[in-house]
Every structure is written in C-alpha cells, then in structure tokens.
Amino acid sequence: MQTMGALRLLLLCLLVICVQVLAGGAHRPPAMYVFGSSILDVGNNNYLPGAAVGRANRRFNGIDFPASIPTGRFSNGYNIADYVAKNMGFACSPPAYLSLAPNSSGPLVQTALSSGINYASGGAGILDSTNAGSTIPLSKQVEYFNATRAKMFAAVGPHAASTLLSKSVFLIGIGNNDMFVSAFAERAQNKSAAEQKKDAAALYADLVSNYTATMTELYAMGARKFALVGVGLQGCVPGVRALSPAGACWDSLNDLSAGFDAALRTELAGGLSALLPGGVAYSLGDCLGFTRDVLADPRASGFDDAAGACCGGGRLSAEAECAPNSTLCADRDGHVFWDRAHFSQRMASLIARAFYDGPAKYTTPINFMQLAQSS
C-alpha cells in the first residue's frame, strides 16, 4: 500500500503534467479559474477536516485517471472541469487550491499565473447554509481567489496580473446541492403545491441574487469571461432513482432545477450588461437539457446504462457510496453515471464538448469556444 508521502509525490507529479499545454492549443486562454461543487472539484475536499466531508480520495475513484489513483475527483477519471480545460487547450483542470495553499506561496502563484487554480468543493452550494461545515461554500471560494489574486499582483504587478485575468476563463458550476437540500427539506415538511411554488420562487430569488453577486465580485477582481454550467437533471441521478420503488426520476426535483436554470438564464440575459459593464462575456451551458437528451436515447450516445451507478451498492448500485468494497461495473464507458450522484468520465467529456462547440441549443448566448477566443 502506498504511503501518504508517496501518494502526495505522485499527485504533485500529475499536477505538473496537468499544467502542460496540449499541442494545438493556440487559442487557449492564459489561465482558468474554477468555482463550484463536486462536478468540478479536483481534490480540494481531500484537505478539509471532519467526518462529514464528502471525499473521493479512495478507490475505485480515479481508476481511469493516469496512474489509476484517486485524486479527489468524484469520477472514474477526469471530470467536467478537466474536459472544459482540455477543450480550451490545457491538459486538464488546474490543480486544487488547497493542494498548493498550505505550502509557500511560490508554487501557488506560479500555477495561478501559468494555468489557473481550481477552488471547487464537493457539497458546496451557492448559499453558505448548504451543507454548512462540511464544504467550501462559493463565498469562501471567492475569498480564496481574492487571496490568490493579491499574491499574483505582488509577484508580477497589478497591470500584468489584471491583463492576464481579463483574458482568462472563470468556470462556475454550482447550484446542484442547493437543489437537493431544498427539495428534501420540502419533502420532509409535506407542504402543499401552492406552498412549494411560493418557496421555490423565494429560493430562486435568493440563489440568483447570490450567483450574480458572485459574478459581480469576480468582475471587480478582474474577471471578464464567465463559462457557466447550469444545474443538471438532479432528479434522475441514481441515488434519487433508488428512492423510487420503480427506479423512476423525481420529477419535482427536476422541475425545481429547471426553474432555477430558467431564472438564472433570464437574469443573465436581461441584466448582466448593466450589472457588469466593460467587455464582459459569458456562456451558460444547459447541463439539464443535454442530460435529458442523453437519457431519452442513451444508446445514441453510446451508453448501455442511464439509470444505475457504475460504482456503489444496493439497488441501481446507488444505495451506497463508491468505496473500496463496492461493486464495480464492467463497462465504465457504458454508464452515464459513475456513482450515486456524479457523471462518469465519458459523460463528463460529452457535456464539456457540447458546451464547447456542440449544437447551439446547449449554450447561450455563445458557446465556450467563442467565449475562450473572444477578445
């Protein structure tokens, strides 16, 4: 069994590989800064204390990652952040902030300037109250970026750092955990349809307000290009399906997610230019719509199983988390979902590609490629 020291050394070696630029990445942004939840986390939760923290730093996670090691990604290999980065010309996502921050500021600043930093955390929400105490909420992720930015300014000067940030991509993918927490709270309270509708409207207002406030903060810190990943089809993840005797999707959770996506899309389209003047650009990826299309005809996308998890236990392999003693499916690329709540590596690659240069219906108002290449 590998010692912790040997594992850390191997992870550092892989970080070096990940900041290398892919051949043909002539139009890649200078850096990418990542904020969000477990769909984008590349290992920040590995460094959080407490038994309640969701972590993916154990096998079988990472079985298809280089060297087959669990890096902290909730995936059998790469995740959406990695594939967005790959499409933009990087080798994979920039490294996790907490893998660099405890050390001297040198590696952190060098990485921030050369490829970017990933601040995403499994379990995080738009609201600080979502899974409080067991994750890095979005507001804290922004604080970490601000601390990084200050070190960048000190290292190369405000003008050079600001120019780099203005040309870099800020990837945000968050809101799924807020949907889960709200939906299960409503379910426990057994509220009427009218009460649920009223609560949903209040939730959307709160979430969209915090989301746009985050963009405003990042804009004030120099961000000009925002790649946004909408909330997915949360009611169809295996862990939710396993709650149904028939293994069906939870439609009300899907409706809640769709409502948030619509509210965010409307707010961005109607008020972003006034909120963030001065050359700001964004692309909003429709994760819910893309997933719905894949689940409607999984074989058309090369999937054999669109309901169950590849790694887990119990019904649909989704009543238990992915663990070293889990049941592992034989065909990982044939599964839409890796574990009870997260996409497989292959599904992540398809989502990122659809947002980069796929059909226009999956991104608005431009796609991720146009965003990355915009001046």
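The rules behind each value
Residues numbered from 1 in each chain as written. Predicted model: local features only at pLDDT ≥ 70, side-chain atom pairs only at ≥ 80, totals over all residues. Heavy atoms only, no water. Helix = DSSP H or I, 4+ residues; strand = E, 2+ residues; numbered from the N terminus. Rg over C-alpha atoms; globule rule 2.2 N^0.38 Å. Buried < 20%, exposed > 50% of the residue type's maximum accessible area, 1.4 Å probe, protein only. Contact = heavy atoms within 4.5 Å. Areas by Shrake-Rupley, 256 points an atom, 1.4 Å probe, with all protein chains shown as cover. Lys, Arg positive; Asp, Glu negative; His and termini not counted. Charge placed at Lys NZ, Arg CZ, Asp CG, Glu CD. Disulfide = S-S within 2.5 Å. Expected span 1.5 Å × (residues − 1). Pairing = 2+ DSSP bridges. Axes fitted to C-alpha atoms, helices over the stretch in contact; angles between N-to-C directions. Salt bridge = Lys/Arg side-chain N within 4 Å of Asp/Glu carboxyl O.

Draft legend 1. Representation of the overall build of the protein in the model. Looking only at helices and strands, one finds 13 helices and 10 strands in the protein. In summary, the protein has a C-alpha radius of gyration of 20 Å against a globular reference of 21 Å for 375 residues, a match within 12%. With the C-alpha coordinates of the protein rotated into their principal frame, the extents come out at 60 × 55 × 40 Å. For the protein, with 375 residues in total, the buried portion stands at 55%. A sequence separation of at least 24 residues applies to 73% of the contacts in the protein between residues at least 6 apart. Here the protein has roughly 15,100 Å² of accessible surface; of this, 55% comes from carbon and sulfur atoms. Computed over 27 positive and 26 negative side-chain charges, the separation of the two mean positions in the protein equals 6 Å.

Draft legend 2. Inspection of the environment of Cys 287 at higher detail. As for its placement among the helices and strands, Cys 287 is situated in helix α11 (residues 287-296). Between the C-alpha atom of Cys 287 and that of Tyr 362, which follows or precedes it by 75 residues, the distance is 7.6 Å. Apart from residues lying up to four places away in sequence, Cys 287 is in contact with Val 229, Gly 230, Val 231, Gly 232, Phe 343, Ile 351 and Phe 355.

Draft legend 3. Layout of the state of the cysteines. For the structure shown, the criterion picks out 3 disulfides. At a sulfur-sulfur separation of 2.0 Å, the disulfide partner of Cys 310 is Cys 329. Its torsion about the S-S bond being -85 degrees, the disulfide of Cys 310 and Cys 329 is classed as left-handed. Here Cys 329 lies in the loop between β8 (327-328) and β9 (335-337) and Cys 310 lies in the loop between β6 (305-309) and β7 (311-312), a separation of 19 residues in the sequence. What pairs with Cys 311 in a disulfide is Cys 322, and their sulfur atoms sit 2.1 Å apart. Handedness of the Cys 311-Cys 322 disulfide follows from its S-S torsion of about 80 degrees: it is right-handed. Of this pair, Cys 311 sits in strand β7 while Cys 322 sits in the loop between β7 and β8, and the two are 11 residues apart along the sequence.

Draft legend 4. Structural view of helix α10 (residues 251-275). Taking 1.5 Å of rise per residue, the 25 residues of α10 would be expected to cover 36 Å, and the 34 Å separating its terminal C-alpha atoms lies within 8% of that figure. Taken residue by residue, α10 has Leu 253, Asn 254, Leu 256, Ser 257, Gly 259, Phe 260, Asp 261, Leu 264, Leu 268 and Leu 272 as its buried positions. Looking at the buried positions of α10, the neighbouring elements they touch are α7 (176-189), α8 (193-220), β4 (225-229), α9 (238-241), β5 (281-285) and α11.

Draft legend 5. Highlighting the sheet that holds strand β1 (residues 32-36). Spatially, β2-β1-β3-β4-β5-β10 is the arrangement adopted by the 6 strands of the open sheet, whose pairing is mixed. Sheet topology places β2 (116-118) and β10 (363-364) at the edges, where each strand pairs with a single neighbour. As paired strands, β4 and β5 are joined by 5 bridges and run parallel to one another. Each residue of the ladder has a partner; that of Val 229, found in β5, is Gly 285. Here helix α5 (residues 138-156) sits on the sheet and contacts β1, β2 and β3 (169-173); the angle it forms with β1, its principal contact strand, is near 160 degrees.

Draft legend 6. Molecular detail of unusual backbone geometry. In the segment running from Arg 59 into Phe 60, the intervening peptide bond is cis, with an omega of 10 degrees. Along the polypeptide, Phe 60 turns up in the loop between β1 and α2 (80-87). Note that the residue after Thr 364, namely Pro 365, is joined by a cis bond; omega there is -10 degrees. Of note, Pro 365 is situated in the loop between β10 and α13 (368-373). Positioned with a positive phi, Ser 68 is a non-glycine residue whose angle comes to about 55 degrees. By the secondary structure assignment, Ser 68 is in the loop between β1 and α2. Overall, Ser 68 belongs to the partly exposed group, its relative accessible area being 45%. Its identity is not glycine, yet Asn 131 carries a phi of approximately 50 degrees, on the positive side. A relative accessible area of 30% places Asn 131 in the partly exposed class.

Draft legend 7. Molecular detail of the pattern of salt bridges. In this structure the tally under the stated criterion is 9 salt bridges. Residues Lys 191 and Glu 186 are paired through a salt bridge, measuring 3.8 Å at the closest nitrogen-oxygen approach. Classification of Lys 191 by relative accessible area gives partly exposed; the value is 25%. One connected set of salt bridges, linked through shared partners, spans Glu 186, Lys 191 and Asp 199.

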